[in-house]
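Spelled out from the first residue to the last, the chains are:
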Amino acid sequence: MVVSFASGKGGTGKTIVATSLALYVSEKGINLIFLDCDVEEPNSALFLKPLIRKTSKVGIPIPIVDFKKCTYCGKCADVCTYNAIAVVKDNVLVFPELCHGCGGCFLFCPEKAISEKIRDIGVIEEGNTNGIKFIQGRLNPGESMVVPLVREVKEKMVNDSETTTIIDVPPGTSCPVVESIKGSDFVVLITEPTPFGLNDLKLAVETVRKLEIDFGIIINRVGIGDEKVEEYCKLENIPVIAKIPYSRDVAVLYSYGIPMLIEGEKYREIFHRIWEEIISKVR
Amino acid sequence: MKQIAVISGKGGTGKTIITASFISLSKSAVAADCDVDAADLYLLLHPEIKEKHEFKGLPKAEIIQDKCTGCGICYDVCRFDAVQKPQNSKKYFSINPLSCEGCKVCYYACLQMAINMKEQICGEWYISETKYGPMVHAKLGIAEENSGKLVTVVRMNAEIVAKRYKLDYIIVDGPPGIGCPVIASLGGIDFALVVIEPTLSGIHDAERVIEVAKHFGVPPGCVINKYDINRENSAKIEKWCKENEIPVLGKIPFDNLVSESIVKGIPFVEYKNNATSGIIKGIWRKIMKI
């Protein structure tokens, strides 16, 4: 089964909850794969501290023009939706950072004057920790093509009866989030009980509903704000899987990269319940 | 006119709370909420919408069922796995709009002309009035792409509004991350204020977003938020900033009243006159001198 941890708003606790649950589940001897799909800002490794054994580059294909064959007909520029290739009098200009790698210019060039090379956008790192298979993507700073890297990380997802995949999803509601969540059996939305948390939770709920995936909510830092998130969940008939009380101690542990689980039995109990809830929903 | 962006890399470090306070202090600014995925600034500034515009994204492919012969060429050429094979004994292929990137390769490749490129409304943007001055903001449609382009639309219109009313500042509430909406938020910015929390994640993410700011030639400065959650990490941030010649404009303590101010929907500097709001005011004074 595949379980994603998402939230509209950043900083609600996706990573600490996902990594703590991963550690809890791995103790039970379950085959576990952890994917950090927040390739812009991957943080799970700070908590899980995996030993990285393999790093591979990820790139997207961009065109190279063979000027011996090119007749400057302009077909490549005509078919490019992203304005990533332009033909001027006696030159063809390629703008790699605009290219999505769709292959249109390569495919439709009547002279076969275009070949492709790979432009690096980031890396995938694979390793192990506490019996968990760990995979994360890291986007190169300055790079804007996020989705192709997320797609590569998702290739490592395993969905069979013996394996559980846990996915740490980036914040927001747009394309990198959709790419990360796609194919999940269940999504856990993590929020905080403030107007910001509620506003962004509503957007996250709409996103998951649009993808037609079953979901539940964890309210983190209960006590810092108001009751409106709970009222909303009741009104919308959305299951609240867990409520994690605010604790300055957890905030301090978090700052050192220590998962909640280590804090003691109280949290072990919470993660036990979260895990039981998730399995009961997926079955 | 100066353009200031508040960014952080990691989400939830306090960007919006600080931005709203700056707007309240500046008296001559356009507020630009560039977190178009999950826009929260309106919850503190309470804008009254004056103009509402549609945001059109790239047209996406759809297959005209009557014309499709099921040859599958669209499936072969699509690199985004957006074309789905015929299901339940039907002969025609279909497009998953959530995967389609609008590249039109299938449209050009289809010999039957069975593909239509359908215009997409993927969000809205607004010019509004707040009690502090004008605000430009947006709402990206659920699960849509092109958030970078929508950010650019917000930025362009914030500039037009600032010039029209001869305002001194555009203050940008930036999105989390380092990808396209962040890059779009940084173009043409005079100063990027990076809000760092003293956690390993906060530091890791801030370092990456500072690299992005530098990559695009935007000078960064830092604020450490909730610095007293981990003084050891805060000291490390200050040391790192010094080594990298990045000014630290202030250290804001953890303050329970901040959550309260969000619940009440009031920029913090207006909500409470205490040591915390004094520090935020000090940071704004320093920014004005840059």
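Residues numbered from 1 in each chain as written. Chains lettered and ligands numbered in written order. Predicted model: local features only at pLDDT ≥ 70, side-chain atom pairs only at ≥ 80, totals over all residues. Heavy atoms only, no water.

> I keep staring at the overall build of chain B and nothing clicks. Help me out?
Secondary structure summary: chain B contains 11 helices and 11 strands in total. Among the 290 residues that make up chain B, the fraction classed as buried is 61%. Within chain B, residue pairs in contact and separated by at least 24 positions form 76% of the contacts whose partners lie at least 6 positions apart. Of the roughly 12100 Å² of accessible surface on chain B, a fraction of 51% belongs to carbon and sulfur atoms. Each charge class in chain B was averaged separately, 36 positive and 33 negative side chains, and the resulting centres sit 2 Å apart. (Helix = DSSP H or I, 4+ residues; strand = E, 2+ residues; numbered from the N terminus. Buried < 20%, exposed > 50% of the residue type's maximum accessible area, 1.4 Å probe, protein only. Contact = heavy atoms within 4.5 Å. Areas by Shrake-Rupley, 256 points an atom, 1.4 Å probe, with all protein chains shown as cover. Lys, Arg positive; Asp, Glu negative; His and termini not counted. Charge placed at Lys NZ, Arg CZ, Asp CG, Glu CD.)

> How do you make sense of unusual backbone geometry when you look at a structure like this?
Positive phi, normally seen in glycine, also occurs at asparagine 237 of chain A, with a value near 60 degrees. With respect to the helices, strands and loops of the structure, asparagine 237 of chain A is situated in the loop between helix H8 (228-236) and strand E11 (240-245). One non-glycine residue, lysine 166 of chain B, adopts positive backbone phi at about 50 degrees. Relative to the assigned elements, lysine 166 of chain B resides in the loop between helix H5 (147-164) and strand E8 (169-173).

> Teacher, can you tell me more about the domain arrangement of chain A here?
Accessible area lost during the coming together of the parts is what is often quoted as the interface size. Here chain A is partitioned into domain 1 (2-58 + 122-282) and domain 2 (67-112). A separation of 41 Å is found between the C-alpha centroids of domain 1 of chain A and domain 2 of chain A. (Domains from an automatic or database assignment.)

> I keep staring at the packing of helix H7 (residues 195-210) of chain A against H8 of chain A and nothing clicks. Help me out?
Between two packed helices, the angle of one axis relative to the other and the distance separating the axes together describe the packing. Residues and elements named next belong to chain A. Two numbers describe how H7 lies on H8: the axes approach to 10 Å, and their chain directions differ by 30 degrees. One way to sum up the angle between H7 and H8 is to call them roughly parallel. As H7 packs across H8, the resulting crossing turns out to be right-handed. Counted together, Leu198, Leu201, Lys202, Val205 and Arg209 of H7 and Lys228, Val229, Tyr232 and Glu236 of H8 form the full contact between these two elements. Residue classes in the contact of H7 with H8 are distributed as 5 nonpolar, no polar and 4 charged. (Axes fitted to C-alpha atoms, helices over the stretch in contact; angles between N-to-C directions. Parallel < 35°, antiparallel > 145°, perpendicular 65-115°, else oblique. Left-handed = near helix turned anticlockwise from the far one by under 90°. Nonpolar A, V, L, I, M, F, W, Y, C, P; charged D, E, K, R; others polar.)

> Could you clarify how one ought to interpret the packing of aromatic side chains in this entry?
For any pair of aromatic rings, the description consists of the separation of the ring centres together with the inter-plane angle of the planes. If you walk through the whole model with that rule in mind, you get 9 aromatic pairs over all chains. Ring geometry for phenylalanine 47 of chain A and tyrosine 254 of chain A: centres 5.1 Å apart, planes at 40 degrees, overall tilted. One end of the pair, phenylalanine 47 of chain A, is in helix H2 (residues 44-48); the other, tyrosine 254 of chain A, is in helix H9 (residues 248-255), and 207 residues separate them in sequence. When the ring of tyrosine 75 of chain B is compared with that of phenylalanine 93 of chain B, the centres are 6.3 Å apart and the planes differ by 55 degrees; the resulting orientation is tilted. One end of the pair, tyrosine 75 of chain B, is in helix H3 (residues 73-77); the other, phenylalanine 93 of chain B, is in the loop between strand E4 (83-84) and strand E5 (94-95), with 18 residues separating them in the sequence. Here the aromatic cluster, defined as three or more aromatic residues joined through ring pairs, consists of Phe108 of chain A together with Tyr107 and Tyr108 of chain B. Looking at lysine 251 of chain B, its charged tip hangs above the ring of tyrosine 227 of chain B, at a distance of 5.1 Å from the centre. Looking at lysine 272 of chain B, its charged tip hangs above the ring of tyrosine 271 of chain B, at a distance of 5.4 Å from the centre. (Phe/Tyr/Trp six-rings, centres within 6.5 Å; stacked < 30°, edge-to-face > 60°. Lys NZ or Arg CZ within 6 Å of the ring centre and 35° of its normal.)

> Is there a simple way to explain helix H7 (residues 200-215) of chain B in this structure?
The periodicity of an α-helix, 3.6 residues per turn, causes residues three or four positions apart to be oriented the same way. Here H7 of chain B contains 16 residues, and its C-alpha end-to-end distance of 23 Å stays within 8% of the 22 Å for a straight helix at 1.5 Å per residue. With its phi angle positive at about 70 degrees, glycine 217 of chain B sits one or two positions after the end of H7 of chain B. (Expected span 1.5 Å × (residues − 1).)

> Got a minute to help me understand the sheet that holds strand E10 (residues 220-225) of chain B in this structure?
Adjacent strands of a sheet form backbone hydrogen bonds with each other and so pair up, either parallel or antiparallel. All names here are of chain B. Sheet architecture is open: 9 strands sit in the order E3-E6-E7-E2-E8-E1-E9-E10-E11, paired in mixed fashion. A single partner strand is all that each edge strand has here, and the edge strands are strand E3 (48-63) and strand E11 (248-252). Along the sheet, successive strands turn relative to each other by an average axial angle of 20 degrees, direction set aside. Alignment of E10 against E11, held across 4 bridges, turns out to be parallel. Among the inter-strand pairings, valine 223 is bridged to a residue of E11, identified as glycine 250. Most of the contacts of H7 go to strand E9 (residues 191-196), to which it runs at about 170 degrees, and overall it touches strand E1 (2-7), E9 and E10. Taken strand by strand, helix H11 (residues 275-289) contacts E1, E8, E9, E10 and E11, and its axis lies near 170 degrees from that of E11. (Pairing = 2+ DSSP bridges.)

> Honestly, the packing of helix H1 (residues 14-27) of chain A against helix H10 (residues 265-282) of chain A in this entry has me stumped. Any pointers?
All names here are of chain A. Across the interface, H1 lies against H10 with an axial gap of 10 Å and an inter-helix angle of 85 degrees. The angle between H1 and H10 falls in the class roughly perpendicular. Every residue of H10 that contacts H1 at Val17, Ser20, Leu21, Tyr24, Val25 and Glu27 is listed here: Arg268, Phe271, His272, Ile274, Trp275 and Ile278. Tallied by class, the residues present in the contact of H1 with H10 amount to 8 nonpolar, 2 polar and 2 charged.

> Could you clarify how one ought to interpret a nonpolar patch on the surface in this entry?
Residue and element names in this part refer to chain A. A surface patch of nonpolar side chains, about 290 Å² in accessible area, is lined by Val88, Leu93, Phe95 and Leu98. Considering the arrangement of structural elements, one finds valine 88 in strand E4 (residues 85-88). Its relative accessible area of 41% is what places valine 88 among the partly exposed residues. (Patch = residues over 30% accessible without salt bridge, like charges linked within 9 Å, V, L, I, M, F, W, Y side chains within 5 Å. Salt bridge = Lys/Arg side-chain N within 4 Å of Asp/Glu carboxyl O.)

> How do you make sense of the environment of leucine 150 of chain B when you look at a structure like this?
All names here are of chain B. Here leucine 150 is to be found in helix H5. Put simply, leucine 150 and lysine 139 are 11 residues apart on the chain and 8.7 Å apart in space, counted from C-alpha to C-alpha. With sequence-adjacent residues up to four places away left out, leucine 150 is seen in contact with Val36, Phe55, Glu124, Trp125, Ala138, Lys139 and Leu140.

> Sorry, what's going on with the interface of chain A and chain B here?
Contact with chain A, which involves 63 residues of that partner, is made by 61 residues of chain B. Across the interface of chain A and chain B, roughly 5200 Å² is buried in total on both sides, 57% from carbon and sulfur atoms. The largest contributions to the chain A side of the interface with chain B come from Glu41, Pro141 and Phe196 of chain A, which together make up 13% of the buried area. Our count for the contact surface shared by chain A and chain B stands at 3 salt bridges. For the salt bridge of glutamate 41 of chain A with arginine 208 of chain B, the shortest nitrogen-to-oxygen distance reads 3.4 Å. Contributing elements (two or more residues each) for the side of chain A that touches chain B: H2, helix H3 (75-79), helix H4 (104-108), strand E7 (132-139), helix H5 (147-154), helix H6 (175-181), H7 and H9 of chain A. (Buried area = accessible area lost by both parts, 1.4 Å probe.)

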